[in-house]
Amino acid sequence: MLKRISALVLAGLTAAALTSCGSGGSGGASGADDGSITMGFSQVGAESGWRTANTKSVQEAAKESGITLKFSDAQQKQENQIKAIRSYIQQKVDVIAFSPVVESGWDTVLKEARDAKIPVILTDRAVDSKDTTLYKTFLGSDFVEEGRKAGKWLVESFNNSTDPVNIVELQGTTGSAPANDRKAGFAEVIGADPKFKVIASQTGDFTRAKGKEVMEAFLKSNPDIDVLYAHNDDMGLGAIEAIEGAGKVPGKDIKIITVDAVKDGMQALADGKINYIVECSPLLGPQLMDLAKKVVKGETVPARVVTEETTFTQEQAKTALPNRKY
Ligand code: GYE
C-alpha cells in the first residue's frame, strides 16, 4: 500500500514539475485565500518501524486537522528530498515540512523556499545550517540525550565489575542527525570509564537487513562481544537473528541496547532478547499540524520543540506492551 502511495506521489511530483503552476494554495506565508492549508511533506523513507509509525501519524493528523497533505517518500536519498522540496515550491504549497535524511547540504534549497516565502518546518531530524532563518522551527527528539540514556544504563549495569566491556555499535544512516547524536551522547557517558571499549562501529542504515549483515561481520571478526548498542530497534532485531545464527543467546551472551521502542522492539525486550530500550516517539503528526497552522498564520513559534520520551527495562516493556500504539 505504502509503495503504491509513493508511486502515485512520485508520478504527481513529475507531473507538477512539468507545469509552471501547481494546484497548491495561494503561495507564501499567508495561506490560501479560502483559509485552507496545503502542506508538502518530504519523508526520509520507509526504512524502519519507527518511520512507518511516523508516516501514519503525519497522514492521520493532517486529515484530522483539515490540512491537505502532499506526501513523498525519498527512499533515504537526499537528492529525492531536494527534488520533492523544489516541486512543493513550484506548486506554491503553504508550508513545507521535512525530515532531512542527512544533516548537511540543505542551504541552497532552503533559500529557494525562503525566497518563495514558503515557511519550512523541520520534523524529526535537524539540519546543520548556520542560518537558522532558513526554517521556522525544529520539532523532534533530543538524540544526544537518547545516546546518553543508553550509556547510563550500560554504566549502571556493569558497575560491579572492573573487567573490560567490549561493545559493538550499529550506527544509523551515515550523516543523519540521529546517528551522529546517538553516537556522541553514548560516547560521552561511557568515555568516563576506560573499561568500556567500542571495538567496532559501523552503519546498518537503520534497517533490519543491514543490521543483520553488519552484526554477522562483527561476530566473525570479534569472538568476544559483550554488548551491542544499536541506534534503532530494527537494526537490533536484525542483529538478534545474526547472534542466534552464530549460536549465541541475545540478551544473555551479548547484552543489547536499542533506541525507538516500536512494538517489535518492545516484544523482544519483554522476551529477554533485548536488555534496554531508549524511547524515541514517532507520533509527531499532531504537533506538526499545530505548528504548521501557526506558521502559516504568521504567528511566532518556539525555535525548538522537543518530544517527551522515556526508557524501558524488560519488566517495564511487559507492562507497556498491551497499550503500545506503534
Ligand atoms: O530512530 C529510526 C529511523 O530519525 C528518529 O529514523 C528517526 C530515526 C529512528 O529510521 O528508526
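Above this text is the structure in question.
Report on the accompanying structure.

Cut-offs and rules
- Residues numbered from 1 in each chain as written.
- Predicted model: local features only at pLDDT ≥ 70, side-chain atom pairs only at ≥ 80, totals over all residues.
- Heavy atoms only, no water.
- Near = heavy atom within 4 Å.
- Polar contact = N/O pair within 3.5 Å; in protein donor to acceptor, adjacent residues only side chain to side chain.
- Areas by Shrake-Rupley, 256 points an atom, 1.4 Å probe, with all protein chains shown as cover.
- Nonpolar A, V, L, I, M, F, W, Y, C, P; charged D, E, K, R; others polar.
- Domains from an automatic or database assignment.
- Helix = DSSP H or I, 4+ residues; strand = E, 2+ residues; numbered from the N terminus.
- Contact = heavy atoms within 4.5 Å.
- Expected span 1.5 Å × (residues − 1).
- Buried < 20%, exposed > 50% of the residue type's maximum accessible area, 1.4 Å probe, protein only.
- Pairing = 2+ DSSP bridges.
- Axes fitted to C-alpha atoms, helices over the stretch in contact; angles between N-to-C directions.

Take the site of the ligand next. The full set close to the ligand counts 13 residues, and Glu47, Asp124, Arg125, Asn232 and Asp260 are the nearest of them. Contact between the ligand and Arg51: an oxygen atom at 3.0 Å from a side-chain N or O atom of the residue. Between Arg182 and the ligand, the recorded distance is 2.8 Å, taken from a side-chain N or O atom to an oxygen atom. Starting from 300 Å² of accessible surface for the ligand in isolation, the protein chains cover 100%. The residue makeup of the shell around the ligand, split by class, is five nonpolar, two polar and six charged. Built from parts of two domains, the shell around the ligand gets at least three residues from each of domain 1 (26-141 + 282-308) and domain 2 (143-280).

So, on to the side chain of Asn232. Among the structural elements, Asn232 can be located in the loop between strand E8 (227-230) and helix H8 (233-245). Polar side-chain contacts of Asn232 include one of 3.1 Å to the backbone oxygen of Phe206. Sequence-distant contacts of Asn232, that is, excluding residues within four places in its chain, are made with Ser48, Phe206, Thr258, Val259 and Asp260.

This part takes up helix H6 (residues 177-190). With 14 residues, H6 extends 20 Å from end C-alpha to end C-alpha; this agrees with the ideal 20 Å at 1.5 Å per step. Listing the buried residues of H6 in full gives Ala177, Pro178, Ala179, Arg182, Gly185, Phe186, Val189 and Ile190. The elements touched by buried residues of H6 are helix H5 (143-157), strand E6 (165-171), strand E7 (196-203), E8 and strand E9 (255-260).

The strands that make up a sheet pair up through hydrogen bonds in the backbone, lying either parallel or antiparallel. Across the sheet, which stays open at both edges, the six strands sit in the order E2-E1-E3-E4-E5-E11 with parallel pairing between neighbours. Since the sheet does not close on itself, it has two edges, and those belong to strand E2 (67-73) and strand E11 (304-306), each with one partner. Strand-to-strand twist in this sheet, taken as the mean axis angle between neighbours without regard to direction, amounts to 20°. Direction of pairing for strand E5 (residues 137-140) relative to E11: parallel, over a ladder of three bridges. Across the sheet, Leu139 pairs through a bridge with Val305, a residue of E11. Across the sheet, helix H3 (residues 78-90) lies against strand E1 (37-43), E2 and strand E3 (95-98), angled at about 170° from E1, the strand it touches most.

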